[in-house]
Amino acid sequence: MAVLAGVMFCIESLMSVASVLGRALFGTPVPGDYELVQVLSAMGVAMCLPYCQLKKGHVFVDFFTLWASAGLKRVLDAVAALLLAGTAFLLAWRVWDGMLEAREFGETSMVISIPVWWGYVPVVPALVLLGITALHTMRLHWHEGSAP
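**Student:** Explain the overall build of the protein chain to me, using residue names and the numbers behind them.
**Tutor:** Within the protein chain, the regular secondary structure consists of four helices and zero strands. Each helix (α) and strand (β) of the protein chain, taken in turn from the N terminus, gives the series α-α-α-α. Against the 2.2 N^0.38 benchmark of 15 Å for 148 residues, the protein chain shows a C-alpha radius of gyration of 20 Å, more extended than a compact globule. Along the first, second and third principal axes, the C-alpha set of the protein chain runs to 65 × 35 × 25 Å. Among the 148 residues that make up the protein chain, the fraction classed as buried is 26%. Considering only residue pairs separated by 6 or more positions, the protein chain has 74% of its internal contacts joining residues 24 or more positions apart.

Structural data, given as structure tokens:
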């Protein structure tokens, strides 16, 4: 998913350059460029989250745990991963519900009239995968200290 998101970000960048050049040179930007950047960015970010969790790439503040033992930090990391999993599954459910509602009401973007619900399609599995990945990392944190 992260690789596909990277490809989408590259396409998004090329489209933005084409739109700026088109606007500057010919007075005609790419129609709906803002809409497409908005949708592609939201999809891409969501699709990168599971990989980021797996690689411990999320930002965390350890100011309050500098004094803590390695065991306590491990437990706190496991609890944080569990909370992330719960949040990811909750968001997946709510995004799914929002996608169905947007589809039911036929919402479209303003400029190029693409169905809004299309942007939700990759976000739901990305959030489910994030939840699964967070549960996996929770298990890893939990069992880190029990290895011989």
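**Student:** An account of the pattern of salt bridges is needed here, citing residue identities and associated values.
**Tutor:** Across all of its chains, the model carries two salt bridges by this definition. Between Arg-23 and Asp-33 there is a salt bridge; the shortest N-O distance is 3.5 Å. With Arg-23 in helix α1 (residues 2-26) and Asp-33 in helix α2 (residues 33-54), the pair connects residues that are ten residues apart, well separated along the chain. What makes Arg-23 partly exposed here is its relative accessible area of 38%. Assessed through its relative accessible area of 10%, Asp-33 is described here as buried. Between Asp-97 and Arg-94 there is a salt bridge whose closest N-O contact spans 3.3 Å. With Asp-97 and Arg-94 both in helix α3 (residues 70-105) and three residues apart, this pair spans about one turn of that helix. When its relative accessible area of 32% is taken as the criterion, Asp-97 is described as partly exposed.

**Student:** Let's hear about the packing of aromatic side chains: which residues, and what values?
**Tutor:** Under the defined criterion, the tally for this structure stands at one aromatic pair. Summarising the aromatic geometry, the rings of Trp-117 and Trp-118 are spaced 6.5 Å apart at their centres and angled 80° between planes, so their arrangement reads as edge-to-face. You can call Trp-117 partly exposed: its relative accessible area is 23%. Taking the relative accessible area as the measure of exposure, Trp-118 reaches 46% and is therefore partly exposed. Positioned above the aromatic ring of Trp-93, the side-chain terminus of Arg-94 is 4.7 Å from the ring centre. Over the ring of Trp-117 we find Arg-103; its NZ or CZ atom is 5.0 Å from the centre of that ring.

**Student:** Now, about the packing of α3 against helix α4 (residues 123-144): what can you tell me, with residues and values included?
**Tutor:** Where α3 meets α4, the closest approach of the two axes is 8 Å, and the angle between their N-to-C directions is 165°. Relative to α4, the element α3 is oriented roughly antiparallel. In this structure, α3 meets α4 at a crossing whose hand is left-handed. Residues that form the contact of α3 with α4 fall into these classes: 22 nonpolar, three polar and three charged.

Rules used in this analysis
- Residues numbered from 1 in each chain as written.
- Predicted model: local features only at pLDDT ≥ 70, side-chain atom pairs only at ≥ 80, totals over all residues.
- Heavy atoms only, no water.
- Helix = DSSP H or I, 4+ residues; strand = E, 2+ residues; numbered from the N terminus.
- Rg over C-alpha atoms; globule rule 2.2 N^0.38 Å.
- Buried < 20%, exposed > 50% of the residue type's maximum accessible area, 1.4 Å probe, protein only.
- Contact = heavy atoms within 4.5 Å.
- Salt bridge = Lys/Arg side-chain N within 4 Å of Asp/Glu carboxyl O.
- Phe/Tyr/Trp six-rings, centres within 6.5 Å; stacked < 30°, edge-to-face > 60°.
- Lys NZ or Arg CZ within 6 Å of the ring centre and 35° of its normal.
- Axes fitted to C-alpha atoms, helices over the stretch in contact; angles between N-to-C directions.
- Parallel < 35°, antiparallel > 145°, perpendicular 65-115°, else oblique.
- Left-handed = near helix turned anticlockwise from the far one by under 90°.
- Nonpolar A, V, L, I, M, F, W, Y, C, P; charged D, E, K, R; others polar.

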